[in-house]
Amino acid sequence: QVQLVESGGGLVQAGGSLRLSCAASGSFGSLTAMGWYRQAPGKQRELVARITSGDSTNVADSVKGRFTISRDNAKNTVYLQMNSLKPEDTAVYYCNAETSGYYYGDSPYEHDYWGQGTQVTVSS
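Residues numbered from 1 in each chain as written. Predicted model: local features only at pLDDT ≥ 70, side-chain atom pairs only at ≥ 80, totals over all residues. Heavy atoms only, no water.

Peer 1: Looking at this structure, how should I read the sheet that holds strand β3 (residues 18-26)?
Peer 2: Strands belonging to one sheet form pairs held by backbone hydrogen bonds; the direction of such a pair is parallel or antiparallel. Strand order across the open sheet formed by four strands is β1-β3-β8-β7, with antiparallel pairing between neighbours. Each having just a single partner strand, β1 (2-7) and β7 (67-72) make up the two edges of the open sheet. Each neighbouring strand pair of the sheet contributes to a mean axis angle of 15 degrees, computed without reference to strand direction. Bridge count between β7 and strand β8 (residues 77-82): six bridges; the pairing is antiparallel. In the strand pairing of β8, R71 is matched with V78. (Pairing = 2+ DSSP bridges. Helix = DSSP H or I, 4+ residues; strand = E, 2+ residues; numbered from the N terminus. Axes fitted to C-alpha atoms, helices over the stretch in contact; angles between N-to-C directions.)

Peer 1: Explain the environment of R45 here, please?
Peer 2: With respect to the helices and strands, the residue R45 is situated in the loop between β4 (30-39) and β5 (46-52). As a C-alpha pair, R45 and T121 span 76 residues in sequence and 16 Å in three-dimensional space. Residues within four places of R45 in sequence aside, it is in contact with Y37, R38, Q39, Y94 and W114. (Contact = heavy atoms within 4.5 Å.)

Peer 1: What is the right way to read the state of the cysteines from this model?
Peer 2: A covalent bond bridging the sulfur atoms of two cysteines is what the word disulfide describes. Following the criterion strictly, the structure yields one disulfide and no others. One disulfide in the model links C22 with C95; its S-S distance is 2.0 Å. On the sign convention where negative means left-handed, the S-S torsion of about -85 degrees between C22 and C95 marks this disulfide as left-handed. With a gap of 73 residues between them, C22 in strand β3 and C95 in strand β9 (residues 91-103) connect regions that are remote in the sequence. One exposure class covers both C22 and C95, and it is buried. (Disulfide = S-S within 2.5 Å. Buried < 20%, exposed > 50% of the residue type's maximum accessible area, 1.4 Å probe, protein only.)

Peer 1: Whenever I open this one, the pairing of β4 confuses me. Can you help?
Peer 2: Remark: a regular strand shows side chains that alternate across the two faces of the sheet. Counting buried residues along β4, seven of its 10 residues qualify, which places the element largely inside the surrounding structure. Inspection of the sheet shows β4 paired to β9 by nine bridges, in the antiparallel sense. When the bridges of β9 are listed, Y37 appears paired with Y94. Counting the residues between successive antiparallel strands, the hairpin from β4 to β5 contains six residues, one of them, G42, with a positive phi of roughly 75 degrees.

Written out as structure tokens, the structure is:
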């Protein structure tokens, strides 16, 4: 199974930058994709950015041009570079990992894992 460790959250002034990191560790067959989601108070959790094992990405329109997702395969780590931060970016950011593999007997499985979340607060 997979454990996700997040870091990089904090308090930043509007217009500033932060970089979030999420490292996956444990036992898994294939790390299919990793991504970042966020949830503001009273709001639904929403996709921010996602990157697949084939380097295909999708990024929310609200952060395009400001946020960049990347990964380091050797370290099983995904990053979210956040520039030009706005107060509306304030949320708890959650790392997600999608895994797949095979049980004994060649039975396939798919499983998602979530980090505990890291707070990002952008002041005006």
